[in-house]
Amino acid sequence: MLGSLALLAGSMATLAGCGSAAAAGAGPGASCGTTRTAANVPVIVKIAKGTVDCGTAIRVENQYAAVIRSGQVRGNGGGAPVMVSGWTCQGYPTPEVLRTGNASLCRTSSAAIVAVLPVPAPSATITAG
């Protein structure tokens, strides 16, 4: 019970920090939260370059996914660059996604955000006996 309380308190402190960073803009390496790709795959939206308001970062990623889902993006699986609210967004090819975890990048001249696949939690080892 005490461990759960500590975890909850830590989570709330983290969320409080995210809220203030989102209002002022977040810098490189900051995580802005999660959303889903056009294929409904969960991704973490991170700031790769510059300072970006986290609300803007999530909105751009959601708009990019919506454009791909609608079939408006040329290329295999919607991989071609597309303009979304002043950002140029493009998905990475599957081999690169598997190697780096980066699903897509949206950029302006001064900033960039990346959608990253979450790292799966390690699973327990199963032994045959």
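Heads up: the structure comes first, above all this text.
What counts and how
- Residues numbered from 1 in each chain as written.
- Predicted model: local features only at pLDDT ≥ 70, side-chain atom pairs only at ≥ 80, totals over all residues.
- Heavy atoms only, no water.
- Disulfide = S-S within 2.5 Å.
- Helix = DSSP H or I, 4+ residues; strand = E, 2+ residues; numbered from the N terminus.
- Buried < 20%, exposed > 50% of the residue type's maximum accessible area, 1.4 Å probe, protein only.

> Which residues make up the state of the cysteines, and what values do they have?
Simply put, disulfide is the name for a covalent bond between the sulfur atoms of two cysteines. One pass over the structure, following the stated rule, counts two disulfides. Covalent S-S linkage joins Cys32 and Cys54, the inter-sulfur distance amounting to 2.1 Å. Taking the sign of the torsion about the S-S bond as the criterion, the disulfide between Cys32 and Cys54, at about -65°, is left-handed. Residue Cys32 is found in strand 1 (residues 31-36), and its partner Cys54 is found in helix 2 (residues 54-69); the two are separated by 22 residues along the sequence. For the pair formed by Cys32 and Cys54, the shared burial category is buried. Paired by a disulfide, Cys89 and Cys106 hold their sulfur atoms 2.1 Å apart. Between Cys89 and Cys106, the S-S dihedral sits near 115°, and the bridge is therefore right-handed. Here the residue Cys89 occupies a position in strand 4 (residues 87-91), and Cys106 occupies one in strand 5 (residues 102-107), the gap between them amounting to 17 residues. Judged by relative accessible area, which is 0%, Cys89 ranks as buried. When the cysteines of the protein that form disulfides are numbered from the N-terminus onward, they connect as 1-2, 3-4.

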